Amino acid sequence: MSSVQLTGAGVAAVAFTNKSLASPPATLRVCSSRRLGRSLVVKAATVVAPKYTSLKPLGDRVLVKLGASEEKTAGGILLPSTAQTKPQGGEVVAVGAGRTIGDKKIEVGIQTGAEVVYSKYAGTEVEFNDSKHLILKEDDIIGILETDDVKDMKPLNDRVLIKVAEAEDTTPGGLILTETTKEKPSIGTVVAVGPGSLDEDGKRQPLSVPAGSTVLYSKYAGSEFKGADGTGYIVLRASDVMAVLS
């Protein structure tokens, strides 16, 4: 089984299985650095009665079929249902007709069958045809997974995919740092960029940060990933890129 690991700042991993491929299923692991507040109440999914056989999202919304929650830890320990983590990716099974900006009709740019990763707290959970689904806006989808490796992710809208620079192993004075004391880097190389956001006339505005640029970005922005070879990546909005280094 091939896997794409996406790890963050010390929060539990989640996974979904790609069942649409003819080859052995690929597993995607996602981690976010956001924390849940104590007052946050997690609501159960809305259950759609069996008499309804179709669910069509409206506007620029997308219906994503979620993968199964991870039942074991990396060490093989079985997790109770209360400790199983929610998946952050899945397969697009239906899309809305799009939206209108000014006098221009903008269709949803994601095709059914695409494997996508979305923002952790986006959308509304729905149980439909005995499967978990999520209805969310197109803009809440971070990127499209075209292969099993996150380095090949296609970021959407105004998002950019950045390969994170490795953390320093020593201090300026020569002291060796442990993994827990290494400073989290906020510098990296842009691997891929989205097509840009839509302006008030419905036209795409190309991003000003080209692929190959070395950039400084906001420290706690975006969603973090780890590629098949252990390399760190982050996907964030172009507005969270603060400077280009040269």
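Calculation criteria
- Residues numbered from 1 in each chain as written.
- Predicted model: local features only at pLDDT ≥ 70, side-chain atom pairs only at ≥ 80, totals over all residues.
- Heavy atoms only, no water.
- Helix = DSSP H or I, 4+ residues; strand = E, 2+ residues; numbered from the N terminus.
- Buried < 20%, exposed > 50% of the residue type's maximum accessible area, 1.4 Å probe, protein only.
- Contact = heavy atoms within 4.5 Å.
- Areas by Shrake-Rupley, 256 points an atom, 1.4 Å probe, with all protein chains shown as cover.
- Salt bridge = Lys/Arg side-chain N within 4 Å of Asp/Glu carboxyl O.
- Pairing = 2+ DSSP bridges.
- pLDDT = per-residue confidence, 0-100.
- Axes fitted to C-alpha atoms, helices over the stretch in contact; angles between N-to-C directions.
- Lys, Arg positive; Asp, Glu negative; His and termini not counted.

The subject of this paragraph is the overall build of the protein. Within the protein, the regular secondary structure consists of 0 helices and 21 strands. Among the 246 residues that make up the protein, the fraction classed as buried is 37%. Sequence-distant contacts in the protein: of pairs separated by 6 or more residues, those separated by 24 or more amount to 63%. Total accessible area on the protein is roughly 14,200 Å²; 52% of this is exposed by carbon and sulfur atoms.

Turning to the pattern of salt bridges, a few remarks are in order. A side chain with one charge can pair with a side chain of the opposite charge if their charged atoms come near. This model, assessed by the stated rule, comprises 6 salt bridges. The residue Arg237 makes a salt bridge to Asp139 at a minimum N-O spacing of 2.9 Å. Of the two residues, Arg237 is situated in strand β20 (residues 232–237) and Asp139 in the loop between β11 (131–137) and β12 (141–144); the sequence distance between them amounts to 98 residues. For Asp139, a relative accessible area of 34% gives the class partly exposed.

This part covers the pairing of β11. Bridging between strand β5 (residues 61–66) and β11 involves 5 bridges; their strand directions are antiparallel. Residue Arg61 lies in a different strand from β11, and its bridge partner there is Lys137. Of the pairings in the sheet, the one linking strand β10 (residues 124–128) to β11 comprises 5 bridges and is antiparallel in character. Its bridge partner lying in β11, Glu127 is registered against Lys132. Hairpin connection from β10 to β11: 2 residues lie between these consecutive antiparallel strands, with Asn129 at a positive phi of about 55°.

Segments scoring low in pLDDT should not have their predicted coordinates read at a detailed level. Of all residues in the protein, 67% have pLDDT values of 70 or greater, and the mean over the chain is 77. Between residues 1–42, whose pLDDT stays under 50, and residues either more than four places distant or in other chains, the model counts 90 contacts.

So, on to the sheet that holds strand β18 (residues 214–217). Strand pairing in a sheet takes place through backbone hydrogen bonds and is either antiparallel or parallel in direction. On the basis of which strands lie adjacent, the open sheet formed by 6 strands has the order β19-β20-β14-β15-β18-β21 and antiparallel pairing. Each of the sheet's edge strands pairs with one partner strand only, and the pair in question is β19 (223–226) and β21 (241–245). In this sheet, adjacent strand axes meet at a mean angle of 40° when their direction is disregarded.

Mapped onto the elements, Glu138 comes out in the loop between β11 and β12. Buried charged residue Glu138 carries no salt bridge. Nearest counter-charge: Arg204, at 5.0 Å.

Another aspect to go through is the environment of Val95. By secondary structure assignment, the location of Val95 is in strand β6 (residues 89–95). Distance from Val95 to Glu107, taken between C-alpha atoms, is 9.4 Å for residues 12 residues apart in sequence.

Attention now goes to the environment of Ile141. By the element assignment, Ile141 lies in strand β12. Placed 15 residues apart in sequence, Ile141 and Leu156 show a C-alpha to C-alpha distance of 7.3 Å.

Further remarks concern the pairing of β6. The side chains of a regular strand alternate between both faces of the sheet. For β6, the tally of buried residues reaches 5 of 7 residues, placing the bulk of the element in the interior. Inspection of the sheet shows β5 paired to β6 by 5 bridges, in the antiparallel sense. When the bridges of β6 are listed, Val64 appears paired with Val92. Bridging between β6 and strand β9 (residues 115–118) involves 3 bridges; their strand directions are antiparallel.

Across the sheet, 8 strands lie side by side as β4-β10-β11-β5-β6-β9-β12-β13; this open sheet has mixed pairing. The open sheet is flanked by β4 (46–47) and β13 (154–155), the only strands paired with a single partner. The sheet contact formed by β4 and β10 spans 2 bridges and is parallel. Looking across to β10, one finds that Val47 is bridged to Glu127.

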